[in-house]
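Breakdown of the fold
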Amino acid sequence: FLPKLNTTKYTYTLVLDLDETIIHCPDQHEIIPLIRPGAELFLHELSKYYEIVIFTAAMQDYADYIIDNYLAKDQKYITHRLYRQHTTILKRSYLKDISKIGRDLSKTIIVDNASDNFQLQIDNGIFINTWIDDESDTALNDLIPILKEIAIKNVIDVRKALRKVRDTM
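Described in the following lines is the structure provided in the data block. (Residues numbered from 1 in each chain as written. Predicted model: local features only at pLDDT ≥ 70, side-chain atom pairs only at ≥ 80, totals over all residues. Heavy atoms only, no water.)

1. Quick notes on the nonpolar core
Residues L14, L16, L18, F42, Y50, I109 and L147 are the most contacted members of the largest nonpolar core, which totals 39 residues. It is helix 3 (residues 139-152) that provides the largest number of residues to this core, a total of 7 residues. One finds V53, I98, I101 and F118 within the second-largest nonpolar core, a separate group that totals 9 residues. (Core = buried A, V, L, I, M, F, W, Y, C linked by side-chain atoms within 4.5 Å. Buried < 20%, exposed > 50% of the residue type's maximum accessible area, 1.4 Å probe, protein only. Helix = DSSP H or I, 4+ residues; strand = E, 2+ residues; numbered from the N terminus.)

2. Observations concerning the sheet that holds strand 1 (residues 12-16)
On the basis of which strands lie adjacent, the open sheet formed by 5 strands has the order 5-4-1-8-9 and parallel pairing. Pairing within the sheet leaves two strands with one partner each, and these edge strands are strand 5 (80-82) and strand 9 (125-127). Averaged over neighbouring strand pairs, the angle between their axes works out to 25 degrees when direction is ignored. Strands strand 1 and strand 4 (50-55) of the sheet are contacted by helix 1 (residues 39-46), whose axis makes an angle of about 160 degrees with strand 1. (Pairing = 2+ DSSP bridges. Axes fitted to C-alpha atoms, helices over the stretch in contact; angles between N-to-C directions. Contact = heavy atoms within 4.5 Å.)

3. A short note on helix 1
Among the residues of helix 1, A39, F42, L43, E45 and L46 are the ones counted as buried. Against the buried residues of helix 1 lie strand 1, strand 3 (34-35), strand 4 and helix 3.

4. Here's the deal with helix 4 (residues 158-168)
Every buried residue of helix 4 is listed here: V158, A161 and L162. Each buried residue of helix 4 sits inside an arc of 95 degrees when the element is viewed along its axis, so together they form one side. Exposed positions of helix 4 whose direction lies more than 90 degrees from the buried face are K160, K164 and D167. The inward-facing, buried residues of helix 4 contact strand 1, strand 8 (108-112), strand 9 and helix 3. (Arc of directions from axis to C-beta.)

5. Some points on the pairing of strand 4
In terms of residue burial, strand 4 counts as a mostly covered element, since 6 of its 6 residues are buried. Burial along strand 4 is two-sided: the face carrying Y50, I52 and I54 and the face carrying E51, V53 and F55 are both buried. With 5 bridges connecting them, strand 1 and strand 4 associate as parallel partners. Counterpart to Y12 in the pairing with strand 4 is Y50. Where strand 4 meets strand 5, 3 bridges bridge the pair, whose relative direction is parallel. Across the sheet, residue F55 finds its bridge partner in strand 5, namely L82.

6. Some thoughts on the environment of R163
Inspection of the secondary structure puts R163 in helix 4. For the pair R163 and D123, spaced 40 residues apart in the sequence, the C-alpha separation amounts to 7.0 Å. Among the polar contacts made by the side chain of R163, one reaches the side chain of D123 at a distance of 3.5 Å. (Polar contact = N/O pair within 3.5 Å; in protein donor to acceptor, adjacent residues only side chain to side chain.)

7. Quick look at the side chain of Q121
You can see Q121 is positioned in the loop between strand 8 and strand 9. A distance of 2.6 Å separates a polar atom in the side chain of Q121 from a polar atom in the side chain of D97. Residues contacting Q121, with those up to four places away along its chain left out, are K96, D97, I98, S99 and L105.

8. Regarding the packing of helix 1 against helix 3
The interhelical angle for the contact between helix 1 and helix 3, taken along N-to-C directions, is 10 degrees, at an axis separation of 9 Å. Taken as axis vectors, helix 1 and helix 3 run roughly parallel relative to one another. Here A39, L41, F42, E45 and L46 of helix 1 come into contact with helix 3, specifically with L140, N141, L143, I144, L147 and K148. Here the residues of the contact of helix 1 with helix 3 sort into 8 nonpolar, 1 polar and 2 charged. (Parallel < 35°, antiparallel > 145°, perpendicular 65-115°, else oblique. Nonpolar A, V, L, I, M, F, W, Y, C, P; charged D, E, K, R; others polar.)

That is the geometry; function is a separate question.
Right under this line is the structure:
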């Protein structure tokens, strides 16, 4: 789904869900999203180490509107976008099969609030609690040091590193 990785700039790919992971839209008629606390810092910090891909099961027009107007006004953090048409449908669920994005799975991490969404590559996933409007939420900020350490240590396989993180939690 994605063009070839710019290996001069990135080694790792970070795939992020949009709704209830980064943002929440309380009113579907008037699209003004609430943005999860720490989202801008999270994107800013991790874009130094990761190619950042938004992968949402939402429709493209909706997702582009949110990203263009609220998350990536200057386009410097988000490298690519994937939408509902890029998901795999299984039992009426939209799965995010990251094996189809054209990246080495040993260097790819997905963060999503629905672990079913990344069930095809469960070892690549980080489950994050669903976010609606809790302004005291620190989940994204809490992930920054873990994800930075993976990149800085230049781990060979993120799946093994994530397994160690899960074992200690």
